[in-house]
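Each chain, letter by letter, is given below.
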Amino acid sequence: MPGLLRGVARTAVVAGTATAVSNRVSRRQQGRWAQQESQQYQEPPPAPAPPPAAPADDMTSKIDQLKQLGELKAQGVLTEAEFEQQKRRILG
């Protein structure tokens, strides 16, 4: 009888350990999947704001600002509507 009891106890320990390890692996994998999923749906950072207009009415500073806006538009940072809005702000 003691041999039978020892065998049953050993089986219970092995089964309990296997269950604990399996649960831990499952929780860790679910955490990784959740992290990947949250990273996948994050919004991209907002585009940097165009440089503010200089208070001086100096035409060269306006031309420089328009060149910078054109570069931002060419890089895809600004949309056509944003470009037109900033251009009007600089010239207006």
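Each remark here, short or long, concerns the structure printed above.
Below: a short report on this structure. Source: prediction; values computed, not measured. (Residues numbered from 1 in each chain as written. Predicted model: local features only at pLDDT ≥ 70, side-chain atom pairs only at ≥ 80, totals over all residues. Heavy atoms only, no water.)

**Comments concerning the overall build of the protein chain**
Part 1 of the argument: A tally of regular secondary structure across the protein chain gives three helices and zero strands.
Part 2 of the argument: For the protein chain, the N- to C-terminal ordering of α and β elements is α-α-α.
Part 3 of the argument: Here the protein chain holds 92 residues, and 11% of them are scored as buried.
Part 4 of the argument: Put simply, the protein chain shows about 7,800 Å² of open surface, and 58% of that area lies on carbon and sulfur atoms. (Helix = DSSP H or I, 4+ residues; strand = E, 2+ residues; numbered from the N terminus. Buried < 20%, exposed > 50% of the residue type's maximum accessible area, 1.4 Å probe, protein only. Areas by Shrake-Rupley, 256 points an atom, 1.4 Å probe, with all protein chains shown as cover.)

**Observations concerning the environment of Lys62**
Part 1 of the argument: Counting through the fold element by element, Lys62 comes out in helix α2 (residues 59-75).
Part 2 of the argument: Expressed as a C-alpha distance, the spacing of Lys62 and Leu91, which sit 29 residues apart in the sequence, is 7.3 Å.

**Overview of the packing of aromatic side chains**
Part 1 of the argument: Applying the stated criterion to the full structure yields zero aromatic pairs.
Part 2 of the argument: Its guanidinium or amino end placed over the ring of Phe83, Lys73 lies 5.0 Å from that ring's centre, counting from NZ or CZ. (Phe/Tyr/Trp six-rings, centres within 6.5 Å; stacked < 30°, edge-to-face > 60°. Lys NZ or Arg CZ within 6 Å of the ring centre and 35° of its normal.)

**Details of the pattern of salt bridges**
Part 1 of the argument: In the structure shown here, the tally under the stated rule is two salt bridges.
Part 2 of the argument: The partner of Lys87 in a salt bridge is Glu84, and the shortest N-O contact between them spans 3.5 Å. Of this pair, Lys87 and Glu84 are both found in helix α3 (residues 80-91), three residues apart, which corresponds to roughly one turn of the helix.
Part 3 of the argument: Look at Glu84 and you get partly exposed, because its relative accessible area is 25%. (Salt bridge = Lys/Arg side-chain N within 4 Å of Asp/Glu carboxyl O.)

**Comments concerning α3**
Part 1 of the argument: The end-to-end C-alpha distance of α3, which contains twelve residues, comes to 16 Å, matching closely the 16 Å that a straight helix rising 1.5 Å per residue would cover.
Part 2 of the argument: Taken together, the buried positions of α3 are Phe83, Gln86 and Ile90. Mapping the buried residues of α3 onto a view down its axis gives an arc of 70°, with all of them on the same face. Structural note: α3 exposes Ala81 and Arg88 on the side pointing more than 90 degrees away from its buried face.
Part 3 of the argument: Residues of α3 that are buried sit in contact with α2. (Expected span 1.5 Å × (residues − 1). Arc of directions from axis to C-beta. Contact = heavy atoms within 4.5 Å.)

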